[in-house]
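# A closer look at the structure
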Amino acid sequence: MTWLVTGGAGYIGSHVVRALLADGARVAVLDDLSSGDKRRVPDGVPLEVASVLDRDALGRVFAEHRIGGVVHIAAKKQVGESVEKPLWYYEQNVGGLRVLLEAMVAAGVRRLVFSSSAAVYGSPDVPLITEDTPCEPQSPYGETKLVGEWLIRDTAHAHGLSYANLRYFNVAGAASPELSDPTALNVVPMVFERIDAGLPPRIFGDDYDTPDGTAIRDYVHVSDIAGAHVAAARRLGHDEHAALTLNIGRGEGVSVRALVDRILQHAGSDLVPEVTPRRPGDGARSIASADRIKAELGWSARYDIADMVASAWAGWRMRHDAFTH
């Protein structure tokens, strides 16, 4: 059986592709390369350059590569952008998933691992977020992920799919420098970018009800994210009735100030962080309960914050030093 990884040329997707290959699976990739890079796709792995909105391309890939399951990662994922372009986000994330599910049903493909997000929860005021915490997304992006879960659930009921919705918390790090996050859209590379510019890293708000006043988040290494997808794929390989919705996190919180201080220390920088006003929608804490995924899949995170910072910094330096020398 071959697994199709949509978005497999992207930051997270390329890690998932390698983890599946290391587990002995056969893999094909579909990616429109809007944010992915074909150089991330390993030699010998088929790559179809197309959108998940392209029915013909999906049908061709399913037939040519005898696809038995899909890991669906391809999506637009920027919260602020989703507020500015909600119609486009619904078209890409919900419309793309609908077309993918239609193609799966037509081809008789009955296994789906779905890249969801902790954004489905919004900002609940709870010590640990479990999978039963009410979902109250606060952006069109989060809404598209929740609607996607509903669409999968209903399609599974009607057509007999087995599925695993994986709700990522805050992803960081890299398995190797060339697979690192190339953008400065998440907190760790945002701090790197400020360091390179000689500017103080920003901390958004220090008046939260937390020990140091800054928001607390659950950060998880991208290699652990990839391992969770492999565990989910294994489960779907032998459980045709699986209907799973699972958090992917470490179950431990790290304050934004502690994270920024660790990054500065690792980078050898003496810059002093600058506190700016809170961003709308940011809650005091967002920490996953990781009990259910351990019980269902036997998965737990292996890497810590030090691993994430060190591996992300190595990748950032490899990419950015190449442009300055």
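Residues numbered from 1 in each chain as written. Predicted model: local features only at pLDDT ≥ 70, side-chain atom pairs only at ≥ 80, totals over all residues. Heavy atoms only, no water.

Helices and strands together make up the secondary structure of the chain, namely 10 helices and 14 strands. Relative to the 2.2 N^0.38 estimate, which gives 20 Å for 325 residues, the radius of gyration of the chain is 19 Å and therefore close to what a compact globule would have. Seen through its principal axes, the chain has C-alpha atoms that stretch 55 × 50 × 40 Å. The buried share among the 325 residues of the chain stands at 52%. Summed over all atoms, the accessible surface of the chain reaches about 14500 Å², with 50% contributed by carbon and sulfur. Treating the 33 positive side-chain charges of the chain as one cloud and the 42 negative ones as another, the clouds have centres 4 Å apart. (Helix = DSSP H or I, 4+ residues; strand = E, 2+ residues; numbered from the N terminus. Rg over C-alpha atoms; globule rule 2.2 N^0.38 Å. Buried < 20%, exposed > 50% of the residue type's maximum accessible area, 1.4 Å probe, protein only. Areas by Shrake-Rupley, 256 points an atom, 1.4 Å probe, with all protein chains shown as cover. Lys, Arg positive; Asp, Glu negative; His and termini not counted. Charge placed at Lys NZ, Arg CZ, Asp CG, Glu CD.)

Quick look at the UniProt feature "domain: NAD-dependent epimerase/dehydratase" (unreviewed entry) in the chain now. Here, UniProt's "domain: NAD-dependent epimerase/dehydratase" (unreviewed entry) annotation points to residues 3–248. In residues 3–248, helix accounts for 39% and strand for 20%; the two terminal C-alpha atoms are 21 Å from one another. (UniProt positions renumbered as here; feature names shortened; annotations may be inferred.)

For the pair helix 8 (residues 256–267) and helix 10 (residues 305–321), interaxial distance at closest approach is 10 Å and the crossing angle is 50°. Between helix 8 and helix 10, the angle is such that the two are oblique. Between helix 8 and helix 10 lies a crossing of right-handed hand. The residues of helix 10 that touch helix 8, namely those facing Leu259, Arg262, Ile263, His266 and Ala267, are Ile305, Ala306, Val309, Ala310 and Trp313. Along the lines of polarity and charge, the residues of the contact of helix 8 with helix 10 split into eight nonpolar, one polar and one charged. (Axes fitted to C-alpha atoms, helices over the stretch in contact; angles between N-to-C directions. Parallel < 35°, antiparallel > 145°, perpendicular 65-115°, else oblique. Left-handed = near helix turned anticlockwise from the far one by under 90°. Contact = heavy atoms within 4.5 Å. Nonpolar A, V, L, I, M, F, W, Y, C, P; charged D, E, K, R; others polar.)

Let us look at the side chain of His15. Among the structural elements, His15 can be located in helix 1 (residues 11–22). By relative accessible area, which is 4% here, His15 ends up buried. Dropping the residues within four chain positions of it, His15 is found in contact with Ala174, Ala175, Leu179, Val222, Ser223 and Ala226.

Here we come to helix 2 (residues 55–64). Along helix 2, the positions that sit buried rather than exposed are Ala57, Leu58, Val61 and Phe62. Projected down its long axis, helix 2 shows its buried positions confined to an angular sector of 130°, all on one face. Of the residues in helix 2, the exposed ones pointing more than 90 degrees away from the buried face are Asp56, Ala63 and Glu64. Structurally, helix 2 contributes buried residues whose contacts are with strand 1 (2–6), strand 2 (26–31), strand 3 (47–49), strand 4 (67–72) and helix 4 (86–107). For helix 2, the side-chain oxygen to backbone nitrogen distance between the N-cap and Asp56 is 3.2 Å, and the N-cap itself is Asp54. Of the residues flanking the end of helix 2, it is Arg66, one or two places downstream, whose phi is positive at about 50°. (Arc of directions from axis to C-beta. Polar contact = N/O pair within 3.5 Å; in protein donor to acceptor, adjacent residues only side chain to side chain.)

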